[in-house]
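# Coordinate analysis (summary)
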Amino acid sequence: MATRVPTVASSRWLQSLRKWYYNAAGFNKLGLMRDDTLYEDEDVKEAIRRLPENLYNDRMFRIKRALDLTMRHQILPKNQWTKYEEDKLYLQPYLKEVIRERKEREEWAKK
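Every value quoted in this text rests on a predicted model; they were computed, and no experiment measured them. (Residues numbered from 1 in each chain as written. Predicted model: local features only at pLDDT ≥ 70, side-chain atom pairs only at ≥ 80, totals over all residues. Heavy atoms only, no water.)

## Some remarks on the overall build of the protein chain
Applicable threshold: Note on conventions: DSSP H or I runs of at least 4 residues are helices, E runs of at least 2 residues are strands, and numbering of each starts at the N terminus. Only C-alpha atoms enter the radius of gyration, while the globule expectation follows 2.2 Å times N to the 0.38, with N the number of residues. Only protein chains enter the accessibility calculation, which uses a 1.4 Å probe; a residue is then buried when its area is under 20% of its type maximum, exposed when over 50%, and partly exposed in between. Note on areas: Shrake-Rupley, 1.4 Å probe, and residue coverage restricted to the protein chains presented here. Only four residue types enter the charge count, namely Lys and Arg as positive and Asp and Glu as negative; His and the chain termini do not. Note on charges: their place is set at NZ of Lys, CZ of Arg, CG of Asp or CD of Glu.
If you tally the helices and strands in the protein chain, you get four helices and zero strands. Listed by position from the N terminus, the elements making up the protein chain come as α-α-α-α. Computed over C-alpha atoms, the radius of gyration of the protein chain comes to 18 Å, more than 25% over the 13 Å expected from 2.2 N^0.38 for 111 residues, which places it beyond the range of a compact globule. With respect to the three principal axes, the spread of C-alpha positions in the protein chain is 50 × 50 × 20 Å. When the 111 residues of the protein chain are sorted by exposure, 25% land in the buried category. About 8,600 Å² of surface is accessible on the protein chain, with carbon and sulfur atoms providing 58% of the total. Between the centroid of the 24 positive side chains of the protein chain and the centroid of its 18 negative side chains there is a distance of 6 Å.

Here's what the structure looks like:
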């Protein structure tokens, strides 16, 4: 039982560290989500192409707003920042599927 206490304490500490880093990164102050900041390689571009229209439009709005704010050297009011708890990895399911399909194609090409 004594070994569980440090595990719980360390997971809380790790969660606090994640929140701190999330806020320190700064993209949330522009209203962006984590998936908005991914480097757009071929896999990410294909995952973006597969997004439903509403998710794609939301992504484009956030990116355009962030570009506008950056050009004006401003950030959003604090109540409009993306919160760590509200940030969802909306692109990850599509990205995992694209990567799985690419690896499968590569395996077939080897045969």
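## Points about the packing of aromatic side chains
This is how the line gets drawn: Here a pair means two rings of Phe, Tyr or Trp (six-membered ring of Trp) with centres within 6.5 Å. Their orientation is stacked below 30 degrees between planes, edge-to-face above 60, and tilted elsewhere.
Tallied over the full model, the rule gives two aromatic pairs. Ring centres 5.4 Å apart and planes at 80° place the aromatic pair Tyr22 and Tyr84 in the edge-to-face group. In this pair, Tyr22 is assigned in helix H1 (residues 4–25) and Tyr84 in the loop between helix H3 (53–71) and helix H4 (92–110), connecting sequence segments 62 residues apart. An identical accessibility class is assigned to Tyr22 and Tyr84; each is buried. Through pairs of rings, three or more aromatic residues link up here, namely Tyr22, Phe27 and Tyr84.

## Structural notes on unusual backbone geometry
The backbone phi angle of His73 is positive, close to 55°, even though this residue is not glycine. On the secondary structure map, His73 appears in the loop between H3 and H4. Exposure remark for His73: the relative accessible area of 75% places this residue in the exposed category.

## Here's the deal with the side chain of Arg62
Let me state the cut-off plainly: Should any heavy atoms of two residues lie within 4.5 Å, those residues are counted as being in contact.
Looking at the secondary structure, you find Arg62 in helix H3. With a relative accessible area of 10%, Arg62 lands in the buried category. Filtering out sequence-adjacent residues up to four positions away, Arg62 remains in contact with Gly31, Leu32, Met33, Asp36 and Tyr90.

## A word on the packing of helix H2 (residues 42–49) against H4
Basically, it comes down to this: Simply put, an axis is a line fit to the C-alpha atoms, just over the touching stretch for a helix, and the angle between two N-to-C directions goes from 0 to 180 degrees. For classification, angles of less than 35 degrees are called roughly parallel, those exceeding 145 degrees roughly antiparallel, those between 65 and 115 degrees roughly perpendicular, and all remaining angles oblique. A crossing counts as left-handed when the near helix is turned anticlockwise from the far one by less than a right angle, and as right-handed when that turn is clockwise. When residues are grouped by polarity, Ala, Val, Leu, Ile, Met, Phe, Trp, Tyr, Cys and Pro land in nonpolar, Asp, Glu, Lys and Arg in charged, and all others, Gly among them, in polar.
At a minimum axis separation of 8 Å, H2 and H4 run at an interaxial angle of 125°. Taken together, the axes of H2 and H4 are oblique relative to one another. In terms of crossing hand, the pair formed by H2 and H4 is right-handed. Facing Asp43, Val44, Glu46 and Ala47 of H2, the residues of H4 in contact are Tyr94, Leu95, Val98, Ile99 and Arg102. Here the contact of H2 with H4 is built from residues that sort into six nonpolar, no polar and three charged.

## Things to note about the environment of Leu95
Tracing the chain through its elements places Leu95 in helix H4. Looking at Leu95, the relative accessible area reads 11%, which means it is buried. C-alpha separation for the pair Leu95 and Lys45, spaced 50 residues apart in sequence, amounts to 9.0 Å. If sequence neighbours within four positions are ignored, Leu95 has contacts with Leu38, Asp43, Val44 and Ala47.

These figures capture arrangement, not role.
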